[in-house]
Amino acid sequence: MSAPTRRLTTAQALVRFLSAQYTERDGVRRRLIAGTWGIFGHGNVAGVGQALLEAGEDVMPFHQGRNEQSMVHAAVGYARQLNRLSAQAVTTSIGPGATNLVTGAALATINRLPVLLLPGDYFATHSADPLLQQLEHPVEADVSVNDTLRPVSRYFDRITRPEALIPSALQAMRVLADPAETGAVTLALPQDVQAEAYDWPEEFFAERVWYVRRPAPDPVELTAAVEAIRSAERPLIVAGGGVHHSEAESALKAFVDATGIPVASTQAGKGSLRHDHPADLGGIGHTGTAVSDDLARTADLVIGVGTRYTDFTTASGTLFQNPDVRFLNLNITGFDAHKLAARTLVSDARSGLERLLEALSGHRVSEAYEAGYRAGKERWNEVVEAAYRVGDESAVPTQTQVLGALDAAVGDDDVVINAAGSLPGDLHKLWRSRSPRQYHLEYGYSCMGYEIPAGIGVQQAAPGTPVWALVGDGTYLMMPTEIVTAVQEGLPLNVVLIQNHGYASIGGLSEETGGERFGTAYRFRAADGTFTGAPLPVDLAANAASLGMDVLRAKTVRELREALATARASNRPTCVYVETDPAPTAPPAEAWWDVPVAETASREAAVEARERYDRQVAGRRRHL
């Protein structure tokens, strides 16, 4: 007797398969693919589009996007909010719709966040060549524009026959659900194969549960780690995004409470401890706090927990200056655990911290060390207060005063989202995180345009949670289109739009590196041809209103506070628009960042910048 089958198109079979996939961790079960974002064209409208329509919202919820890149950002925001235990799919047509996915895919993979990409592709049968939007390659006929997604995907396949979907779909789910492997997964779907029917085994559509494991550390590695910690006099924990993904915040707190070892956090790891915990020192690295970076320079053991050690964290290899410094890395991926020639503890963050705590029973750092970093924390708190302080409520606010007003307006569980510009540095130094997911910075790819769509994804993942997308004018102009989606779906997304007439962050970097702020201001051309004329008469608040948002214009600190309170109480998408005083009020960088400067130049600014660069680069170390 033959096994039962069901006749469906490849696209219909894929949608049915995805609807039956689940993750489970710690006894909590979630849908692995909770919904699908889509923009339809000739490469997917009659395939995946028809399949979604036929399946219905109960089987696979559909979300209508306005830009392919932003749909990926929304899916990434969703997955991050749910600690990678649930994800979303994104379907596009062939051609530009597919290539628009590349930036979002890179962002997802760099940040180790799951998203399933389903771009249309050319005819597998080659029955009509060239198709509309087809890239013709003279010697490689199997190449399509979708191959641009290969280097930014953790798993890639082109489904050229219906039956090829079965093993590929299973591999795709394995990668999405694996905390050590996850990232963007791409299944390129030729449009003729999408519409082709096949007799699918019923077993393919059976409910499957992908268990998200919590691997415990190897006993030998654990013994070596304990020895390293016990022998260290000035240990420092660097908490990365893996703490959040593993839901290890309570385990980290228990470990720190018992041992007294202080915690500095990366952009992805901020909020691993509540800001008012005595051992929470705030951000580390180029955008870190003075107390974190001072301790990093003298630490004899750096314990990385779930971090990738980017150049912002290590200050481009100049931060950890103790001649005897050693590294111990607790990470679920061996690739990250071995960085900086570290002792390794390849393990789930929660499991690893719990085992370390058990094995370190009775161990604690010295009272003098604790007193020293607590005093440093108090000094930095005074810096934060000074940056937030307002003298005149009727004055135009500075950017740090905007953050201070927002700090006063939000609740403990609000989510604050940012990704690019000068805000990430200010936030990393100054923001006082009150809950694990309040601080949502995408700084693995630092992608302009991420904030608004990611805010939509967060609200889909956590309905009822107030979400704040912080954007500058440069970022807003990159990708405001998903405001329409928030309006369409009735999501009360709050956008804080800060107008400072250009790329403030890159302008400052340009000045520091001898570029003299060239090409970074949004201004008319002056008589000499440079962009140094009057500010452009662009009304971004009117633009947000035209897309359907309620808009509140705040010209003073007092009006800003009132607008933020109104926005938080609203049940509609709301934009708080504020033009800031451009005078810098954020604390300066406490550590270096390597941006190479012209080695030869005729302009004095570049010559002086190169002299500064040569002095800084001399401090770089390779930790071997």
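Look up a bit, the structure's there.
Residues numbered from 1 in each chain as written. Predicted model: local features only at pLDDT ≥ 70, side-chain atom pairs only at ≥ 80, totals over all residues. Heavy atoms only, no water.

1. Some words on the overall build of the protein chain
No. 1: Scanning the protein chain from N- to C-terminus turns up 24 helices and 23 strands.
No. 2: Its C-alpha atoms give the protein chain a radius of gyration of 25 Å, near enough to 25 Å, the size a compact globule of 624 residues would have.
No. 3: Counting every position in the protein chain, which comprises 624 residues, the buried fraction comes to 57%.
No. 4: The long-range share in the protein chain, meaning contacts at least 24 apart out of those at least 6 apart in sequence, stands at 76%.
No. 5: When the accessible surface of the protein chain is split by element, carbon and sulfur atoms take 52% of a total near 24,700 Å².
No. 6: Put simply, the protein chain has 56 plus and 74 minus side-chain charges, and the middle of one group is 3 Å from the middle of the other. (Helix = DSSP H or I, 4+ residues; strand = E, 2+ residues; numbered from the N terminus. Rg over C-alpha atoms; globule rule 2.2 N^0.38 Å. Buried < 20%, exposed > 50% of the residue type's maximum accessible area, 1.4 Å probe, protein only. Contact = heavy atoms within 4.5 Å. Areas by Shrake-Rupley, 256 points an atom, 1.4 Å probe, with all protein chains shown as cover. Lys, Arg positive; Asp, Glu negative; His and termini not counted. Charge placed at Lys NZ, Arg CZ, Asp CG, Glu CD.)

2. With respect to the packing of aromatic side chains
No. 1: Taken as a whole and assessed by the stated rule, the structure comprises 11 aromatic pairs.
No. 2: Seen from their ring centres, Y309 and F327 are 6.2 Å apart, and the 85 degrees between their planes marks the pair as edge-to-face. In this pair, Y309 is assigned in the loop between β15 (301-305) and α12 (311-314) and F327 in strand β16 (residues 326-331), connecting sequence segments 18 residues apart.
No. 3: Classification of Y309 as buried rests on a relative accessible area of 9%.
No. 4: Relative accessible area serves as the criterion here: at 3%, F327 is assigned to the buried category.
No. 5: Ring geometry for F312 against W593: centres 4.5 Å apart, planes inclined by 65 degrees, an arrangement best described as edge-to-face. Taken as a pair, F312 in helix α12 and W593 in the loop between β23 (574-579) and α24 (604-617) lie far apart in primary sequence, 281 residues in all.
No. 6: Cluster of aromatic residues (ring-pair linked, three or more members): F17, Y198, W200, F204 and F205.
No. 7: Of note, K270 hangs over the ring of Y439, and the distance from its end group to the ring centre comes to 5.5 Å.
No. 8: The aromatic ring of Y577 is capped on one face by R553, whose charged end is 5.7 Å from the ring centroid. (Phe/Tyr/Trp six-rings, centres within 6.5 Å; stacked < 30°, edge-to-face > 60°. Lys NZ or Arg CZ within 6 Å of the ring centre and 35° of its normal.)

3. Here we look at the pattern of salt bridges
No. 1: Here the structure, examined in full by the defined rule, presents 36 salt bridges.
No. 2: Linking R161 and E163 is a salt bridge whose minimum nitrogen-to-oxygen distance equals 3.6 Å.
No. 3: A relative accessible area of 37% places R161 in the partly exposed class.
No. 4: The closest approach of N and O atoms between D539 and R553, which form a salt bridge, is 2.9 Å. (Salt bridge = Lys/Arg side-chain N within 4 Å of Asp/Glu carboxyl O.)

4. Some points on the pairing of β23
No. 1: With 5 of its 6 residues buried, β23 lies for the most part within the structure.
No. 2: The pairing of strand β21 (residues 494-499) with β23 spans 6 bridges and is parallel. Bridging across to β23, V496 finds its partner in V576.
No. 3: Pairing of strand β22 (residues 550-554) with β23 involves 5 bridges; the strand directions are parallel. The residue of β23 that forms the bridge with A554 is V578. (Pairing = 2+ DSSP bridges.)

5. Things to note about the sheet that holds strand β20 (residues 467-472)
No. 1: Taken in spatial order, the 6 strands line up as β19-β18-β20-β21-β23-β22 in an open sheet, and their pairing is parallel. At either margin of the open sheet sits one strand with a lone partner, and together these are β19 (439-441) and β22. Across the sheet, the mean angle from the axis of one strand to that of its neighbour is 20 degrees, orientation sign disregarded. (Axes fitted to C-alpha atoms, helices over the stretch in contact; angles between N-to-C directions.)

6. Here's the deal with empty space enclosed by the protein
No. 1: Applying the stated criterion across every chain yields a total of 1 cavity of 30 Å³ or more.
No. 2: Approximately 30 Å³ is the volume attributed to the largest cavity.
No. 3: Lining the largest cavity, in full, are K270, G271, L273, H275, D280, W431 and S433.
No. 4: A class-by-class count of the residues in the lining of the largest cavity yields 2 nonpolar, 3 polar and 2 charged. (1 Å grid on protein atoms, 1.4 Å probe; cavity = no way out; pocket = protein on both sides within 12 Å on 5 of 7 lines; lining within 4 Å. Points joined across faces, edges and corners; volume = space filled by probe spheres on them. Nonpolar A, V, L, I, M, F, W, Y, C, P; charged D, E, K, R; others polar.)

7. Considerations on the nonpolar core
No. 1: Ranked by size, the top nonpolar core spans 77 residues in total, and within it I229, I237, L252, L356, W468 and L470 carry the most contacts.
No. 2: Discounting residues that sit within four places of it in the chain, W468 has contacts with L406, V410, D414, V415, V416, I417, N494, V496, L564, A567 and R568.
No. 3: By size, the runner-up hydrophobic cluster in this structure holds 45 residues, among which are W37, L117, V467 and L540. (Core = buried A, V, L, I, M, F, W, Y, C linked by side-chain atoms within 4.5 Å.)

8. With respect to the layout of surface pockets
No. 1: In this structure, the second largest pocket spans a volume of roughly 470 Å³.
No. 2: As for the second largest pocket, its lining consists of 23 residues, and the residues nearest its centre are R517, T520, A521, R523 and F531.
No. 3: Of the residues contributing to the lining of the second largest pocket, the split by class is 6 nonpolar, 12 polar and 5 charged.

9. Things to note about the side chain of T186
No. 1: Tracing the backbone shows T186 in strand β9 (residues 184-190).
No. 2: A distance of 2.8 Å separates the side chain of T186 from the side chain of S153, its partner in a polar contact.
No. 3: Residues contacting T186, with those up to four places away along its chain left out, are L117, P119, L149, S153, Y155, F156 and D157. (Polar contact = N/O pair within 3.5 Å; in protein donor to acceptor, adjacent residues only side chain to side chain.)

10. Describing the environment of A74
No. 1: Structurally, the position occupied by A74 is in helix α3 (residues 68-81).
No. 2: For A74, a relative accessible area of 1% gives the class buried.
No. 3: In sequence terms A74 and Y613 are 539 residues apart; their C-alpha atoms lie 38 Å from each other.
No. 4: Beyond its immediate chain neighbours, meaning those up to four positions away, A74 contacts W37, Q88, P453, A454 and G457.

11. Focus: the packing of α3 against helix α5 (residues 101-110)
No. 1: Between α3 and α5, the least distance of the axes is 7 Å, while the angle of their chain directions is 20 degrees. Relative to α5, α3 is oriented roughly parallel. Between α3 and α5 lies a crossing of right-handed hand. Residues E68, Q69, V72, H73 and V76 of α3 form the contact with α5, whose own contacting residues are L101, T103, G104, A105, L107 and A108.
No. 2: Residues of the contact of α3 with α5, tallied by class, amount to 6 nonpolar, 4 polar and 1 charged. (Parallel < 35°, antiparallel > 145°, perpendicular 65-115°, else oblique. Left-handed = near helix turned anticlockwise from the far one by under 90°.)

12. Topic: the sheet that holds strand β4 (residues 33-38)
No. 1: Read from one edge to the other, the open sheet built from 6 strands follows the order β5-β4-β6-β7-β9-β8, with strand pairing classed as parallel. Of all the strands in the sheet, the pair left with one neighbour each is β5 (62-64) and β8 (155-158). Neighbour-to-neighbour, the strand axes of the sheet open up by a mean angle of 20 degrees, direction not taken into account.
No. 2: In this sheet, strand β6 (residues 87-92) lies alongside β4 in parallel orientation, the contact comprising 4 bridges. For T36, the partnering residue across the bridge sits in β6 and is A89.
No. 3: Sheet strands touched by α3: β4, β6 and β7 (115-121). Its angle to β6, the strand with the most contacts, is close to 170 degrees.
No. 4: Sheet strands touched by helix α6 (residues 165-177): β4, β7, β8 and β9. Its angle to β9, the strand with the most contacts, is close to 160 degrees.

By themselves, these are just geometric observations and shouldn't be taken as functional.
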